[in-house]
Amino acid sequence: APGRPLAPDEARVVLNRGVALAMLGDNAGLAALRDRFAAQMGTGPEAAAFGLLTSTPAGNRSYENIAAQVKLAQKLVADFADYRRRLKSPNGATN
């Protein structure tokens, strides 16, 4: 339902779609994905990756935006090990 936080498996599906759109260079698709799911992504590693993937396209970045993206990328790197571990888990468990 719109407005509720996504379950971890749902967040992974949304993130995977974002990765695919980013690889295609589909900025309009990324913007639409951001508009639809940003509020529901939560605060976990998927949220950090989603924020980085769906941020402002490269041609529209200010110094402040770039600094924020660097900070977000650092958080993403810090959270990536946990995300990777959960992807390998058969049920996506966080324990």
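Scoring rules and cut-offs
Residues numbered from 1 in each chain as written. Predicted model: local features only at pLDDT ≥ 70, side-chain atom pairs only at ≥ 80, totals over all residues. Heavy atoms only, no water. Helix = DSSP H or I, 4+ residues; strand = E, 2+ residues; numbered from the N terminus. Expected span 1.5 Å × (residues − 1). Buried < 20%, exposed > 50% of the residue type's maximum accessible area, 1.4 Å probe, protein only. Contact = heavy atoms within 4.5 Å. pLDDT = per-residue confidence, 0-100.

*Asks:* Looking at this model, I keep getting lost on helix H1 (residues 8-24). Mind explaining?
*Replies:* Residue pairs three or four apart in sequence face the same way in an α-helix, which turns once every 3.6 residues. Taking 1.5 Å per residue, 17 residues should reach 24 Å; H1 reaches 24 Å between its end C-alpha atoms and fits that length. Backbone geometry just downstream of H1 places Gly-25 in the positive-phi region, at approximately 70 degrees.

*Asks:* Help me understand the environment of Thr-54 in this model?
*Replies:* Within the secondary structure layout, Thr-54 lies in the loop between helix H3 (45-53) and helix H4 (63-88). Note on Thr-54: relative accessible area 2%, which makes it buried. Separated by 21 residues in the primary sequence, Thr-54 and Leu-33 place their C-alpha atoms 7.6 Å from one another. In contact with Thr-54, not counting residues within four places along its chain, are Leu-30 and Arg-34.

*Asks:* Can you walk me through the confidence of the model for the chain in this structure?
*Replies:* Residues shown with low pLDDT carry predicted positions that ought not to be read at fine detail. Per-residue pLDDT for the chain averages 76, and the proportion of residues at 70 or more is 67%. Per-element confidence in the chain ranges from a low mean pLDDT of 68 for H4 to a high of 91 for helix H2 (residues 27-37).

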